[in-house]
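Examination of the molecular architecture
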Amino acid sequence: MFSIADFEPWWRFGLALLIGALIGLEREFFQQKRESPNFAGIRTFALISLMGAVAAFLVADFGNIIVILTLSGLILLISVSYLGNIYIKKMVTGITTEITALLTFMFGVLVMSDHAMFAIVLSVLVTLLLAFKGTLHGFVRNMSTEDIFVTLKFALMAAVILPLLPNRTIDPWGLFNPFQVWLMVVLV
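Residues numbered from 1 in each chain as written. Predicted model: local features only at pLDDT ≥ 70, side-chain atom pairs only at ≥ 80, totals over all residues. Heavy atoms only, no water.

1. A closer look at helix α4 (residues 65-89)
In an α-helix there are 3.6 residues to a turn, and that puts residues three or four apart on one side. The following threshold applies: A helix here means a DSSP run of H or I that spans at least four residues, while a strand means a run of E at least two residues long, and both kinds are numbered starting from the N terminus. Between the first and last residue of a helix there are one fewer steps than residues, each counted as 1.5 Å, and that sum is the expected span. Any two residues having at least one pair of non-hydrogen atoms within 4.5 Å are treated as being in contact.
Between its first and last C-alpha, α4 extends 36 Å over 25 residues, near the 36 Å set by a 1.5 Å rise per residue. Buried-residue contacts for α4 involve α2 (42-57), α3 (59-62) and α5 (96-112). Remark: K90 follows α4 within two positions and exhibits a positive phi of approximately 55°.

Dropping the structure here:
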C-alpha cells in the first residue's frame with residue numbers, strides 16, 4: 001500500500017504547482033475578460049509557487065538565506081515589471097496581482113514547511129477574494145456611513161473586547177462567565 005510519505009517531497013512540489021495554478025487561473029481568466037494582459041497568469045503563478053517550494057526545500061542545505069535571496073529576487077522582478085508598466089502605459093494601476101505573487105511564493109514555502117493545509121486554505125481564500133472583486137467593490141460602493149460605523153462597532157465588540165474577557169466564571173455561584181455572555185451579545 002502506498003503512503004503519501006512515499007512520494008516525499010514530490011507531492012509537495014506538485015501541490016505547490018497546483019496552488020500557484022489555481023491563483024494564476026483566476027488572474028489570467030479576468031485579464032482575458034478585460035483584454036488587458038497584466039503581470040502574470042496561470043504559468044507564472046504556478047512557477048512562483050514552485051520557486052517558493054524549491055527555495056524552502058533548499059533551506060536544509062543552504063539555510064534560510066536561500067529563501068530570503070529568492071524572495072528578494074522575486075520582489076526585484078515584480079518591482080521592475082510594475083515600474084516598467086507605469087513607464088510604458090503612463091498610468092498607475094493597483095498592486096493586487098503583485099501582492100498576490102508574493103503571497104503565492106509564501107504558499108510554496110508553507111507547503112514545504114509542513115504547513116500544506118494552511119497553504120491550501122489560504123490559497124483558496126485568496127483566489128476567492130480575487131474572484132469576487134466586482135462583488136466586493138459593488139458592496140462597498142453601496143454602503144452608507146451608518147453601515148461603516150455598524151461594521152466597526154461589530155468589529156470592536158467581536159475582535160477587541162471579546163478576546164480580552166476572561167473565559168471563566170467570576171461570581172461565587174459559578175454562573176457568570178463574561179466571555180460567554182459577551183459572545184452571546186456578539187452573536188445577537
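Further notes follow.
2. Overview of the pattern of salt bridges
How we decide: For this document, the term salt bridge refers to a Lys or Arg side-chain nitrogen within 4 Å of an Asp or Glu carboxyl oxygen. Accessible area is worked out with a 1.4 Å probe on protein chains only. A residue is then buried under 20% of its type maximum, exposed over 50%, and partly exposed in between.
Evaluation of the coordinates by the stated rule reveals three salt bridges. A salt bridge links D114 to R12; the shortest N-O distance between them is 2.7 Å. Of the two residues, D114 is situated in the loop between α5 and α6 (116-131) and R12 in helix α1 (residues 10-34); the sequence distance between them amounts to 102 residues. Between E26 and R27 there is a salt bridge, with its nearest N and O atoms 2.9 Å apart. Note on accessibility: E26 and R27 belong to one class, buried. Several salt bridges converge on common partners, so that one network encompasses E8, R12 and D114.

3. Observations concerning the packing of aromatic side chains
Note the cut-off: Side-chain rings of Phe, Tyr and Trp, where Trp is taken by its six-membered ring, are said to pair if the distance between their centres is within 6.5 Å; with planes under 30 degrees apart they count as stacked, over 60 as edge-to-face, and otherwise as tilted.
One pass over the full model with this rule turns up three aromatic pairs. On the basis of an interplanar angle of 55° and a centroid distance of 5.6 Å, the ring pair of W10 and F13 is categorised as tilted. Within this pair, W10 and its partner F13 are both found in helix α1, separated by three residues, close to a single helical turn. Take W10: its relative accessible area is 63%, and that puts it in the exposed class. The exposure class of F13 is buried, given its relative accessible area of 11%. Each ring, one from F29 and one from F30, has its centre 5.1 Å from the other, and the planes form 90°; the classification is edge-to-face. F30 gets classed as partly exposed once you look at its relative accessible area, which sits at 29%. Through pairs of rings, three or more aromatic residues link up here, namely W10, F13 and F57.

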